[in-house]
Structure formats: C-alpha cells, structure tokens
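Single-letter residue listing:
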Amino acid sequence: KLDMFRDTHREFLAELSKDLQNRLFGPHEYVYNVKTVIENMFILYSGSLQIERWDEDTVQIEQTLVAPSVFGEQFVLFDRPAVRSALTLTFCEVAILQRVNFIRALRMYPECMAPVRAFAIKHMWIGFFRALRASSQEELDSIQQSWNEMQEQARATTPVFMPDARRATLPGRLHS
C-alpha cells in the first residue's frame, strides 16, 4: 500500500482503483508545471522523472523518481497551485487519480478521513524538515519565505477533503 492509504480499508482502495486513468508520457514531457492548479495524484508504473523547483530562470532538481513511485499527493489534498514541476526523463506509464473521485470515495468511506488527514500533516512536516537541511543562509531565507507563503495558503485553505474542518495553527518562523 501507498503511505497515504496505509491505514485505510480495502474497499476504499478498490473504489479508488475503479477510477484510475492510465497515460503514457514521452521523454522530456512535463506531467505538470509550476503555478498550475493540479487536481490529480500520480502513480508512476514505469520509467523515471524528476521533480523540479524553478527559481526565476534557474531549475533545481529536488528529486528523481523511479517506478514504482507516487507523486502529487498534495494535489488531491489541497487546492493550491503547484510549486514544483514534474518532468519525465524516459517514457513513463502513469496512473492518474482525480481529486473529484478521491473526495467521492472519502465521502463513501468517512472512516478513512483520519488516516488521510494524518498523512497530509506528516507530508507537510517532512517538507519542512527537508527544508531545514539547506546549507546556506541564502537557502534558509528562501525556505523561510516559501514557508511563510505556505502558512498563509494553509490558513486560507481548508483541505478539500475536510470542508468543515477548523484550520490548524501552524508554527511560526523557521529561525529567529
């Protein structure tokens, strides 16, 4: 099972799998781009791709994924634009789960909301701690700015799968 669905029911997973769409991407094709609102999660069945972060005209490769792998979980959890791009390096077979089908399945199996919410919070913290490993003060300042922007977005956005949830308070600054 994928981490996001580790503590969910088989019936919930079966419901999600009914609606997966398969797509083949060619080499050097973008699966999604920065600043685009994405409403899908992706499961990489074959091939490899890289997750890129663009700073003006400079690209930083943050991660290289090799099948089997999952990426874009945040897009079915939160309604905000992508801050990274995903570029294929080879031919890639990808299964796509649309947010609308994810939310429908969660409504059918509300007991699965708690583990998915826990995953979402864990995912945010993992990103935070990865950012702390940055080596230079310039990188830390950039991370601080990104973290502040993410906090503002999080305060203004309730996860799409919990429309009635109260907004959580996020910690303040990365460093003083």
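Residues numbered from 1 in each chain as written. Predicted model: local features only at pLDDT ≥ 70, side-chain atom pairs only at ≥ 80, totals over all residues. Heavy atoms only, no water.

Overview of the environment of glycine 72
With respect to the element layout, glycine 72 can be found in the loop between strand S6 (69-71) and helix H2 (73-77). You can call glycine 72 buried: its relative accessible area is 4%. Residues in contact with glycine 72, not counting those within four places in the same chain, are Asn40, Met41 and Phe42. (Helix = DSSP H or I, 4+ residues; strand = E, 2+ residues; numbered from the N terminus. Buried < 20%, exposed > 50% of the residue type's maximum accessible area, 1.4 Å probe, protein only. Contact = heavy atoms within 4.5 Å.)

Let's talk about the pattern of salt bridges
Taken as a whole, this structure holds seven salt bridges when the rule is applied. Of the charged contacts in the structure, one is a salt bridge between arginine 99 and glutamate 39, with a shortest N-O distance of 3.7 Å. Linking arginine 99 in helix H3 (residues 99-108) with glutamate 39 in the loop between strand S2 (30-32) and strand S3 (40-46), this pair joins segments that are 60 residues apart in sequence. Glutamate 39 sits in the partly exposed class, given a relative accessible area of 44%. With a closest N to O distance of 2.4 Å, glutamate 62 and arginine 84 form a salt bridge. Of this pair, glutamate 62 sits in strand S5 (residues 58-66) while arginine 84 sits in the loop between H2 and strand S7 (85-88), and the two are 22 residues apart along the sequence. (Salt bridge = Lys/Arg side-chain N within 4 Å of Asp/Glu carboxyl O.)

Structural notes on the sheet that holds S2
Spatial strand order, S2-S7-S4-S5: four strands in an open sheet with antiparallel pairing. Of all the strands in the sheet, just S2 and S5 have a single pairing partner and so form its edges. Across the sheet, the axes of successive neighbouring strands diverge by a mean angle of 30°, strand direction being ignored. In terms of strand pairing, S2 meets S7 through two bridges, oriented antiparallel. Paired with tyrosine 32 across the bridge in S7 is alanine 86. (Pairing = 2+ DSSP bridges. Axes fitted to C-alpha atoms, helices over the stretch in contact; angles between N-to-C directions.)

Some thoughts on the confidence of the model for the chain
Averaged over every residue, the pLDDT of the chain is 79; residues scoring 70 or more account for 75%. The secondary structure element of the chain with the lowest average pLDDT is helix H5 (residues 137-156), at 68, and the one with the highest is strand S1 (residues 21-25), at 96. (pLDDT = per-residue confidence, 0-100.)

Quick look at the sheet that holds S1
Strand order across the open sheet formed by four strands is S1-S8-S3-S6, with antiparallel pairing between neighbours. Two strands bound the open sheet, and with one partner strand each, they are S1 and S6. Strand-to-strand twist across the sheet, computed as the mean angle between neighbouring axes with direction ignored, equals 30°. Bridge count for S3 against strand S8 (residues 92-98) is six bridges, and the pairing is antiparallel. Across the sheet, the residue bridging to leucine 44 is valine 94, located in S8. Seen against the sheet, H3 touches S3 and S8 and runs at an angle of roughly 50° to S8.

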